[in-house]
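# Structural features, examined
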Protein chains: 2
Amino acid sequence: MLTKADLQHLRSLRDKKQRELAGLFIVEGEKVVSELLKAGFVFDAIYATPEWTGQKTQGITNDEMARASHFPTPTSVLALGRINRQPLPDSGLASGLTLVLDGVQDPGNVGTLLRIADWFALDRVVLSPDCADLFSQKVINASKGSFARVTVHSTDLPSALATVPPAVMVLGCDLIGEDVHTISPARDAVIVIGSEGRGISSAVKQRISQFVTIPRYGSAESLNAGVAAAIVCDNLRRSLPV
Amino acid sequence: MLTKADLQHLRSLRDKKQRELAGLFIVEGEKVVSELLKAGFVFDAIYATPEWTGQKTQGITNDEMARASHFPTPTSVLALGRINRQPLPDSGLASGLTLVLDGVQDPGNVGTLLRIADWFALDRVVLSPDCADLFSQKVINASKGSFARVTVHSTDLPSALATVPPAVMVLGCDLIGEDVHTISPARDAVIVIGSEGRGISSAVKQRISQFVTIPRYGSAESLNAGVAAAIVCDNLRRSLPV
């Protein structure tokens, strides 16, 4: 049984501040909980009604679920995970492939970008503090389980980029730049994607070693963040033997 | 002034059936109306409050806007456009580049795919009847103005694909297929994107001449429809001199 305090606690976690205070986040829904379990994510607690056939730690009634849920139509499962923020390793962004998100505020975009990083086996994703919150339901949903597989750091970008050795390309995706089809193969590189509205911030722009652009043949003003990142990743990867 | 009947009519257009009966669709919001006007779209009517500084056909009060709007927080402009469905030309899909959407149901995805078709200057987009409605606000919003620039047809896909000459490749994007990095250059081709959940339908699969896939390096189960289409378009376009 869930006490009144339990319910209040669970409901409070829809708020980012409360999540940070508690060090916990919440996801609801059969699809997202299944995806995270399949990816090996270990939850602190899994509350489920009798309809849920997967792993759980506590059975609850439909009425309790309705009161704990953030959704107008509750699902059969609600899980609690621990917020685990990994500091950047000492080597920083010097080796491997890093995707840097500079102010990407749409949670759907951040989730899609995690999924892309996962598909292309990037070594890490680094978020600026003003990106959508990694531990929000919308980001986790949109990542389709990649949330549990991709290494993500959140840090001040200009400082993190300042430590990148000169031999490592820092590619900035922009509307003006070198044709992405001609970028040099690189096993170590940083790909920077700017915010939906204003692109890459000026402090981060100073750390870009090469701007790259996706050739445009028609009239659309831009491509969305996920699409642009995916095309750059595909072009970078295709030049490297597996 | 808007009569009670006018208001009722405008509000009714949020419903697809009513839109079809009236042959009219509605979009609201400064951003989307500006994007469509900039793209040269000609509206039947543009209702605007004094805050709207752009083109309009009728000034209305904030109170009237609040009653006409579909939004909890109304904007300053609401525009009425004519639903114009273009039949497939006699030449069908035989020449140029066509993007075919087979049951793409998420309006955001359909809008993003129109934007991609616009960026890569595809000749047309063909929707199956079970795709998200082209004239819904969400599709038009997500297209960022590309709605007004891209030629879109809606038709039964197996019949339309049956008329494609054998010399024209019909590429089906799937998780198994030929590496997209090795596809032959083609000025005439059809790219088929399946639905988010079940991929390409079996009737359409029979019309695919070549399945293509985007090499996966990591663990994500799939890429979203827009991302996949964009990578295929980029690979097809990069092999062709402009």
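Residues numbered from 1 in each chain as written. Chains lettered and ligands numbered in written order. Predicted model: local features only at pLDDT ≥ 70, side-chain atom pairs only at ≥ 80, totals over all residues. Heavy atoms only, no water.

### What to know about the nonpolar core
Ranked by internal contacts, the top residues of the largest apolar core, which has 117 residues, are Leu99 and Leu101 of chain A together with Leu99 and Leu101 of chain B. With residues up to four places along the chain from it excluded, the contact list for Leu101 of chain A reads Val110, Leu113, Val125, Val126, Leu127, Ser128, Cys131, Leu157 and Ile193 of chain A. (Core = buried A, V, L, I, M, F, W, Y, C linked by side-chain atoms within 4.5 Å. Buried < 20%, exposed > 50% of the residue type's maximum accessible area, 1.4 Å probe, protein only. Contact = heavy atoms within 4.5 Å.)

### Description of the packing of helix H9 (residues 225–238) of chain A against helix H9 (residues 225–238) of chain B
Where H9 of chain A meets H9 of chain B, the axes come as close as 9 Å, and the angle between the chain directions of the two elements is 50°. Relative to H9 of chain B, the element H9 of chain A is oriented oblique. Here H9 of chain A and H9 of chain B pass one another in a crossing that is right-handed. Counted together, Gly226, Val227, Ala230, Ile231, Asp234, Asn235 and Arg238 of chain A of H9 of chain A and Gly226, Val227, Ala230, Ile231, Asp234, Asn235 and Arg238 of chain B of H9 of chain B form the full contact between these two elements. When grouped by side-chain class, the residues that make up the contact of H9 of chain A with H9 of chain B number 6 nonpolar, 4 polar and 4 charged. (Axes fitted to C-alpha atoms, helices over the stretch in contact; angles between N-to-C directions. Helix = DSSP H or I, 4+ residues; strand = E, 2+ residues; numbered from the N terminus. Parallel < 35°, antiparallel > 145°, perpendicular 65-115°, else oblique. Left-handed = near helix turned anticlockwise from the far one by under 90°. Nonpolar A, V, L, I, M, F, W, Y, C, P; charged D, E, K, R; others polar.)

### Quick look at the side chain of Asp234 of chain B
For Asp234 of chain B, the location among the structural elements is in helix H9. At 5.0 Å, Arg238 of chain B is the nearest oppositely charged side chain to Asp234 of chain B, a buried residue that forms no salt bridge. Side chain to side chain, Asp234 of chain B and Asn235 of chain A meet in a polar contact 3.1 Å long. With sequence-adjacent residues up to four places away left out, Asp234 of chain B is seen in contact with His181, Ile214, Ile231 and Asn235 of chain A together with Phe120 of chain B. (Lys, Arg positive; Asp, Glu negative; His and termini not counted. Salt bridge = Lys/Arg side-chain N within 4 Å of Asp/Glu carboxyl O. Polar contact = N/O pair within 3.5 Å; in protein donor to acceptor, adjacent residues only side chain to side chain.)

### So, helix H3 (residues 30–38) of chain A
Residues and elements named next belong to chain A. Among all positions of H3, only Val32, Val33, Glu35, Leu36 and Leu37 are buried. On its buried face, H3 is in contact with strand S1 (24–28), strand S2 (45–48), strand S4 (77–82) and helix H6 (137–142). In the segment just after H3, Gly40 is the residue with positive phi, at about 90°.

### Points about unusual backbone geometry
Residues and elements named next belong to chain A. Unlike most non-glycine residues, Ala121 shows phi in positive territory, near 55°. Phi is positive for Lys144, which is not a glycine, with a value near 50°. One can find Lys144 in the loop between H6 and strand S7 (152–154).

### Here's the deal with the interface of chain B and chain A
By a widespread convention, an interface's size corresponds to the accessible area lost as its parts come together. Contact residues are listed per partner, giving 32 residues for chain B and 32 residues for chain A. Taking both sides of the interface into account, the surface hidden between chain B and chain A amounts to around 3,100 Å²; carbon and sulfur atoms contribute 60%. The three residues of chain B that bury the most area against chain A are Trp119, Tyr217 and Arg238 of chain B, which together make up 29% of that side's buried surface. Linking Glu221 of chain A and Lys38 of chain B is a salt bridge whose minimum nitrogen-to-oxygen distance equals 2.4 Å. Counting every contact that joins chain B to chain A gives 22 residue pairs in polar contact (both at pLDDT 80 or more). (Buried area = accessible area lost by both parts, 1.4 Å probe.)

### Considering the sheet that holds strand S7 (residues 152–154) of chain B
Each strand in a sheet pairs with its neighbour through backbone hydrogen bonds, running either in the same direction (parallel) or in the opposite one (antiparallel). All names here are of chain B. Strand order across the open sheet formed by 6 strands is S7-S6-S5-S9-S8-S10, with parallel pairing between neighbours. Sheet topology places S7 and strand S10 (210–213) at the edges, where each strand pairs with a single neighbour. Taken over all neighbouring pairs, the strand axes of this sheet differ in orientation by 30° on average, direction set aside. Here 3 bridges tie strand S6 (residues 124–127) to S7, and the two strands are oriented parallel to one another. Counterpart to Val126 in the pairing with S7 is His153. (Pairing = 2+ DSSP bridges.)

### Let's talk about the sheet that holds strand S6 (residues 124–127) of chain A
Residue and element names in this part refer to chain A. Ordered by their spatial adjacency, 6 strands build an open sheet running S7-S6-S5-S9-S8-S10, and the pairing between neighbours is parallel. The open sheet terminates on both sides in strands that have one partner only, identified here as S7 and strand S10 (210–213). In this sheet, neighbouring strand axes are inclined to one another by 30° on average, regardless of whether the strands run parallel or antiparallel. Bridge count for strand S5 (residues 97–101) against S6 is 4 bridges, and the pairing is parallel. The residue bridging Val100 from the neighbouring strand is Val126, located in S6. The strands touched by helix H5 (residues 107–119) are S5, S6 and S7; relative to S5, the strand with the most contacts, the crossing angle is about 175°.

### What about the packing of aromatic side chains?
Residue and element names in this part refer to chain A. For the structure on display, the rule yields 14 aromatic pairs over all chains. Judged by centre distance (5.8 Å) and plane angle (85°), the ring pair of Phe135 and Phe147 falls under edge-to-face. Of this pair, Phe135 sits in the loop between S6 and H6 while Phe147 sits in the loop between H6 and S7, placing them 12 residues apart in sequence. Phe147 gets classed as buried once you look at its relative accessible area, which sits at 8%. Feature note: the residues Phe25, Phe41, Phe43, Phe135 and Phe147 constitute an aromatic cluster, connected by ring pairs. (Phe/Tyr/Trp six-rings, centres within 6.5 Å; stacked < 30°, edge-to-face > 60°.)

### Here's the deal with the pattern of salt bridges
Residues and elements named next belong to chain B. Under the criterion given, the structure shown has 16 salt bridges over all chains. Across the pair Glu35 and Lys31 runs a salt bridge, and its minimum N-O distance is 3.1 Å. Of the two residues, Glu35 and Lys31 are both situated in helix H3 (residues 30–38); the distance of 4 residues between them amounts to about one turn of the helix. A relative accessible area of 18% places Glu35 in the buried class. Judged by relative accessible area, Lys31 falls into the exposed class, the value being 53%.

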